[in-house]
Amino acid sequence: MNEIENRSVGKGTTDIVGKDLPTMLDLGKICNVALDMGKSCAKKAASGSESLQKKLRKMQKVVFEVEGEAIDGFTARKRILDEKKEKEGSAPGRLAYSIVIRTKFIDTIILVVTRSYPPPPDISVITDWLEDTGVGLINQVVLLGSGLDARPWRLDLHDGVHWFEVDRSEVVTEKQTRLLKAKAAIGSQDRQEPRFPLKVKKWVAVSSDIETLSFLHKLERRGLVVTEPVLWVMEGLLVYLEPEFVPRLLRVLNERCGFGSVLVVSLIMATSDSLRRRKAWKWGCPKNHMEFFRECGWEIVTWIPMSAAYKMFGCRSFRPNNSTPEKEPKFLVARRIE
C-alpha cells in the first residue's frame, strides 16, 4: 500500500480543474466567469459600500460553481478577506480550497483507472499500484451521491466509459432540468448540437435513496454489468451515512462487481474535531482503517492525508492545517478482495 505521509511528492499540475466546466448550479455559466463576478463583487463589498452590500445580500440566492465548488456572494467576500490575511511565502504553491484538491484527486484516479490517459509521472505515488495489482481496463464508473457533478461533460474520458450516477429523486430531477437549460447533452438521442457534449459512451442517472440499497437493482436494469470491473466513487458521501450502514454498503458493493474493481473514497476520520461539531456528519473512519476496509472486502492500496494531496498538486491551503495527521481528512483507493 502507498501510505503517503505529510510530504511533497512533486510539483504537480497547474490545472486543478478544467476551465470549461459547465456550471450546473447557474444555468450553464462558465466557472471562470462566475469566479470573476464573485471576486469583483467581493472586493467592492469589502470596501464598505452600502449599495454593494445590498447587492451582495441578493447574491445569497445566486450560486456559482467555482473550480468544482458551489459558492454564493457572502462566501466569495469571505474568501477575499481570508486571502488578504494569508501570509505570502508561508508555503510553496498556489492557493486552493480543500474541495478543489478533493476534486482533482478523484479526477486523477478516474482518468487513470479508466485508462483515459497514462499516469502522470509526478503523481505516480498514487497510481503505480495499478501495474502491481494487475487492475485492467475499467469501463464502468458508478458515482454514489452524485449531486450536480459535471465530470461526464468536463473530463476527457475515453469514449468507451459507461457512467452511472445515484442520488435522491429530487436531486436527479433538478440536475436533469439544469442540464437541459445549460444545453448539455444527456443522451445519444439529443437532436440539437449541445453546448456541452457528453464525453462518455453512456450516462445513466438513477433515482434512489442509497441507504435502501435498491439502487443496485436499478443500476443492473439500466445496464451495469456486475460480472465486470467497476470503479465505485464516493466523494464526500460516507460521512452522512449511519455508522452501522457503512460496512454493510461496502460489503454489498464488493458483491456487485467483477474482478479488478476499484473503490475511491474521500472520508473524515472518527477522531476529527469537525465530526463532533457538525450535526449532519455521522460516520468517521476508524483508526484501524486497513483492517476495517479489509473486513468489508476492500484492500487499501493508497492512503493519503489532505495535506499531502495539497503538496502533491503543488498547492497550499487558504487556511493553515492545525490538525494532526491522524485527524485530517483522507483519500483512499482500494481494490476488491476476491
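These remarks concern the structure in this document. Treat the numbers as computed from the prediction; the structure is a model and nothing was measured.

### Considering the overall build of the chain
Step number 1: If you tally the helices and strands in the chain, you get twelve helices and twelve strands.
Step number 2: Per-residue burial over the chain gives 50% buried out of 338 residues.
Step number 3: Across the chain, contacts joining residues at least 24 apart in sequence account for 72% of those joining residues at least 6 apart.
Step number 4: Carbon and sulfur atoms form 50% of the exposed surface of the chain, whose accessible area is close to 16,400 Å².

### Concerning helix α7 (residues 169-181)
Step number 1: The end-to-end C-alpha separation of α7 is 19 Å, in line with the 18 Å expected for 13 residues at 1.5 Å each.
Step number 2: All of the buried residues along α7 are Val 171, Val 172, Lys 175 and Leu 179. Buried residues of α7, seen end-on, are gathered within an arc of 95° and therefore sit on one face of the element. Exposed and oriented more than 90 degrees from the buried face of α7 are Leu 180 and Lys 181.
Step number 3: Where α7 terminates, the next one or two residues include Lys 183, which has phi positive at roughly 60°.

### A short note on the state of the cysteines
Step number 1: Counted according to the given criterion, the structure contains zero disulfides.
Step number 2: Not engaged in a disulfide, the cysteine Cys 285 finds its nearest cysteine sulfur in Cys 296; these two sulfurs lie 9.8 Å apart.
Step number 3: A residue is classified by how much of its surface remains accessible, and Cys 285, at 1% relative accessible area, is buried.
Step number 4: For Cys 296, a relative accessible area of 2% puts it in the buried group.

### Comments concerning helix α4 (residues 98-113)
Think of an α-helix as turning once every 3.6 residues; residues three or four places apart then point the same way.
Step number 1: Taking 1.5 Å of rise per residue, 16 residues should cover 22 Å, and α4 covers 23 Å from first to last C-alpha, within 8% of that figure.
Step number 2: Of all 16 residues in α4, 13 are buried, a share of seventy percent or more.
Step number 3: Of the residues flanking the end of α4, it is Arg 115, one or two places downstream, whose phi is positive at about 60°.

### Quick word on the environment of Glu 211
Step number 1: Residue position: Glu 211 is located in the loop between β7 (202-207) and α8 (215-221).
Step number 2: Judged by relative accessible area, which is 31%, Glu 211 ranks as partly exposed.
Step number 3: Separated by 35 residues in sequence, Glu 211 and Val 246 place their C-alpha atoms 9.0 Å apart.
Step number 4: Setting aside residues up to four positions removed in sequence, Glu 211 forms contacts with Leu 241, Glu 242 and Phe 245.
Step number 5: A polar contact is formed between the side chain of Glu 211 and the backbone nitrogen of Glu 242, at a distance of 3.1 Å.

Here is what the cut-offs are and how they apply
Residues numbered from 1 in each chain as written. Predicted model: local features only at pLDDT ≥ 70, side-chain atom pairs only at ≥ 80, totals over all residues. Heavy atoms only, no water. Helix = DSSP H or I, 4+ residues; strand = E, 2+ residues; numbered from the N terminus. Buried < 20%, exposed > 50% of the residue type's maximum accessible area, 1.4 Å probe, protein only. Contact = heavy atoms within 4.5 Å. Areas by Shrake-Rupley, 256 points an atom, 1.4 Å probe, with all protein chains shown as cover. Expected span 1.5 Å × (residues − 1). Arc of directions from axis to C-beta. Disulfide = S-S within 2.5 Å. Polar contact = N/O pair within 3.5 Å; in protein donor to acceptor, adjacent residues only side chain to side chain.

Bear in mind that shape data such as this cannot, by itself, settle questions of function.
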